2 protein chains.
Amino acid sequence: MYPRSLDCLIESFKSLPGIGSKTAERLAFALLDLDNEQIKVFSESMLEAKEKIHRCKKCNMMTDEELCFVCSDDSRKDSKVLCVVEDPKNVFLFEKLDMFHGKYHVLDGLISPLDGINPEDIGLDKLLDRIKEDNLEEIIFAFKPSIEGETTSLYIKKILEGLNIKITKLASGVPIGADMEYVDSLTLERALNDRKTIE
Amino acid sequence: MYPRSLDCLIESFKSLPGIGSKTAERLAFALLDLDNEQIKVFSESMLEAKEKIHRCKKCNMMTDEELCFVCSDDSRKDSKVLCVVEDPKNVFLFEKLDMFHGKYHVLDGLISPLDGINPEDIGLDKLLDRIKEDNLEEIIFAFKPSIEGETTSLYIKKILEGLNIKITKLASGVPIGADMEYVDSLTLERALNDRKTIE
């Protein structure tokens, strides 16, 4: 029913996760309403982003330079704190908060034997080399609270045994603003176990 | 913070209506996860769709041929019923339902003096020429129920006065499955006025 070229465009939108048929159609029609110049820019920006963006050779973060914006930031050069994340997106997330001013290292995901992702698949070598080179005082694991996150934290902690580095992870507990009745029992149990003294 | 080429891509996604910053970021990251070939196809399909899709010279519908799929459908050639819509998308919508097998004519929107859209701006000439040529028995206005829809219907009806053509519009009333308490008063009033005898 749709003109062939429109069909192709809709199919392309559908290849993005979370975009179903209806949304793909809506976006394709909306795209056709843009002017020629805008579409040309859009089309080129896709190719350019895919071509230029690669990983930072130091921290494995997304970048289109040799070093990412954090690794090339001189003010962080002497930081002794390294935050390890599972995905480049999380670095952007932390940076938007503007609350952490140390260094980052991005893994290629988390260890998940059930999904066939083993320790050698997530780029640990690069992390370990870096830990040896940089003179760190603390490593923060900022993984999502999950079996995979725990496994990966414990695995790396074991490798680092004997080094004089403090190893921490993000606190987990009841999220600010949550209604207590909607908090799942695992989170509540964790929050209870990790309770803090009010000083 | 984002690499420049990623920023451009996010901006492009944001130029689509209904796509805010968060969604644009999510889509841009998802796009980068596609492989090179998929992105090439996506990028080309945008350019191709914009370049090839134009309006059907007969009914003003979207098409990449000279005539759209309805106008080139021989089985409809002798239909005496013309459905007039305000947007090409509505033809796809009707065709998906597979309940109307007549012809269509697509206007370039509805008359809306407040928005500066006057009768001469919505392609009425083409419609009137066509009505004169085709030997029609009925014209259905399938506009959205709104001031603009009513205005456009009445305006065209007035022009066609004296021609022996039945002029109809879509019924409006309570949508099937709606909870009565959530139906707005204007719709309810219309439904009451247009009440049907149960036979």
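Because the structure is a prediction, the values reported are computed rather than measured. (Residues numbered from 1 in each chain as written. Chains lettered and ligands numbered in written order. Predicted model: local features only at pLDDT ≥ 70, side-chain atom pairs only at ≥ 80, totals over all residues. Heavy atoms only, no water.)

## What to know about the interface of chain B and chain A
Note the threshold: In what follows, residue pairs with any heavy atoms lying within 4.5 Å of each other are defined as contacts. By convention, the term buried area covers the 1.4 Å-probe accessible surface removed from two parts as they join, with the contributions of both added. Only one rule defines a salt bridge in this text: a Lys or Arg side-chain nitrogen within 4 Å of an Asp or Glu carboxyl oxygen.
Counting residues at the interface gives 47 residues for chain B, matched by 47 residues for chain A. Summing both sides of the interface, chain B and chain A together bury roughly 4500 Å²; the carbon and sulfur share of this comes to 71%. It is B:Met1, B:Met46 and B:Lys50 that lose the most area in chain B upon contact with chain A, and together they represent 16% of the buried surface on that side. There are 4 salt bridges connecting chain B and chain A. For A:Glu25, the salt bridge is made with B:Lys96, and the minimal N-O distance between the two is 2.8 Å.

## Let's talk about the relation of the copies chain B and chain A
Spelled out, the test is: Copies overlap after least-squares fitting; the atoms used are the C-alpha atoms of residues with pLDDT of at least 70 in both.
Each copy superposes on the other: chain B lies on chain A with an RMSD of 0.1 Å after a rotation of 180° and an axial shift of 0.0 Å. Within this description, the copies of the chain are treated as partners about a two-fold rotation axis. In terms of C-alpha distance to the rotation axis, chain B has B:Ser43 as its closest residue, with the C-alpha 2.3 Å off the axis. Mapped onto chain A, 100% of the interface residues of chain B again fall at the interface, so both copies present the same surface.

## Here we look at the pairing of strand S5 (residues 138-141) of chain A
Residues and elements named next belong to chain A. Worth spelling out the cut-off: Buried residues are those whose accessible area, probed at 1.4 Å on protein chains only, stays under 20% of the maximum for their type, while exposed residues exceed 50% and partly exposed ones sit between those limits. Secondary structure is summarised from DSSP: a helix means a run of H or I of at least four residues, a strand means a run of E of at least two, and numbering begins at the N terminus for each. Strands pair, by our definition, only if DSSP identifies at least two bridges between them. Seen with the strands pointing away from the viewer, any crossover whose path from the first strand over the helix to the second strand runs clockwise is right-handed.
Neither face of S5 is left uncovered, since the one carrying Glu138 and Ile140 and the one carrying Ile139 and Phe141 both have all their residues buried. When strand S3 (residues 81-85) meets S5, the two strands line up parallel, connected through 4 bridges. Looking across to S5, one finds that Cys83 is bridged to Ile140. Summarising the sheet, S5 and strand S6 (residues 166-169) pair through 4 bridges and their orientation is parallel. Counted as the bridge partner of Phe141 is Lys169 from S6. In this fold, the crossover linking S5 to S6 by way of helix H6 (residues 147-159) has right-handed handedness.

## Considering the packing of aromatic side chains
Aromatic ring pairs are described here by two measures, namely the spacing of the ring centres and the angle between the planes. Where we set the bar: Side-chain rings of Phe, Tyr and Trp, where Trp is taken by its six-membered ring, are said to pair if the distance between their centres is within 6.5 Å; with planes under 30 degrees apart they count as stacked, over 60 as edge-to-face, and otherwise as tilted.
Evaluation of the coordinates by the stated rule reveals 16 aromatic pairs over all chains. Relative to B:Phe13, the ring of A:Phe42 lies with its centre 5.0 Å away and its plane at 80°, an arrangement referred to as edge-to-face. Here A:Phe42 is found in helix H3 (residues 36-52), whereas its partner B:Phe13 is found in helix H1 (residues 4-14) on a different chain. When sorted by exposure, A:Phe42 lands in the same class as B:Phe13, which is buried.

## Some details on unusual backbone geometry
Residue and element names in this part refer to chain A. Notably, Asn60 is not glycine yet its phi reads approximately 70°, a positive angle. Position of Asn60 among the secondary structure elements: in the loop between strand S1 (54-55) and strand S2 (62-63). You can call Asn60 buried: its relative accessible area is 8%.

## Some points on the pattern of salt bridges
In this structure the tally under the stated criterion is 28 salt bridges over all chains. A:Asp74 serves as the salt-bridge partner of A:Lys77, at 3.1 Å between the closest nitrogen and oxygen. The residues A:Lys77 and A:Asp74 share a single accessibility class, namely exposed. Salt bridges linked by common partners bring A:Arg4, B:Glu48 and B:Lys52 together as one network.

## Some thoughts on a nonpolar patch on the surface
Residue and element names in this part refer to chain B. Under the convention used in this document: Think of a patch as exposed residues, more than 30% relative accessible area, with no salt bridge, where like charges cluster within 9 Å and nonpolar side chains (Val, Leu, Ile, Met, Phe, Trp, Tyr) cluster within 5 Å. Reported accessibility uses the Shrake-Rupley method at a 1.4 Å probe radius. Residues are deemed covered only where the shown protein chains occlude them.
Residues Val174, Met180 and Leu188 make up a contiguous nonpolar surface patch of roughly 240 Å² in combined accessible area. Mapped onto the elements, Met180 comes out in the loop between strand S6 (166-169) and helix H7 (185-193). For Met180, a relative accessible area of 52% gives the class exposed.

## Side note on the sheet that holds S5(A)
Residue and element names in this part refer to chain A. Applied cut-off: Only the stretch in contact is used when fitting a helix axis, every axis being a line fitted to C-alpha atoms; angles between N-to-C directions are given from 0 to 180 degrees.
Taking strand neighbours across the sheet as the criterion, the 4 strands line up as S4-S3-S5-S6 in an open arrangement whose pairing is parallel. The outermost strands of the open sheet, each flanked by one partner alone, are strand S4 (103-106) and S6. Neighbour to neighbour, the strand axes of the sheet diverge by 25° on average, direction disregarded. Direction of pairing for S3 relative to S4: parallel, over a ladder of 4 bridges. Bridge pairing links Cys83 to Tyr104 in S4.

## Observations concerning the nonpolar core
Spelled out, the test is: Side-chain atoms within 4.5 Å are what join buried Ala, Val, Leu, Ile, Met, Phe, Trp, Tyr and Cys residues into a set we call a nonpolar core.
Formed by 74 residues in total, the largest nonpolar core has its most connected members in A:Leu6, A:Phe13, A:Leu16, B:Leu6, B:Phe13 and B:Leu16. Contacts of B:Leu6, omitting those with residues within four sequence positions, involve A:Ile53, A:Met62, A:Phe92, B:Ala28, B:Phe29 and B:Leu32.

Such coordinate-based values are descriptive only and should not be taken to indicate function.
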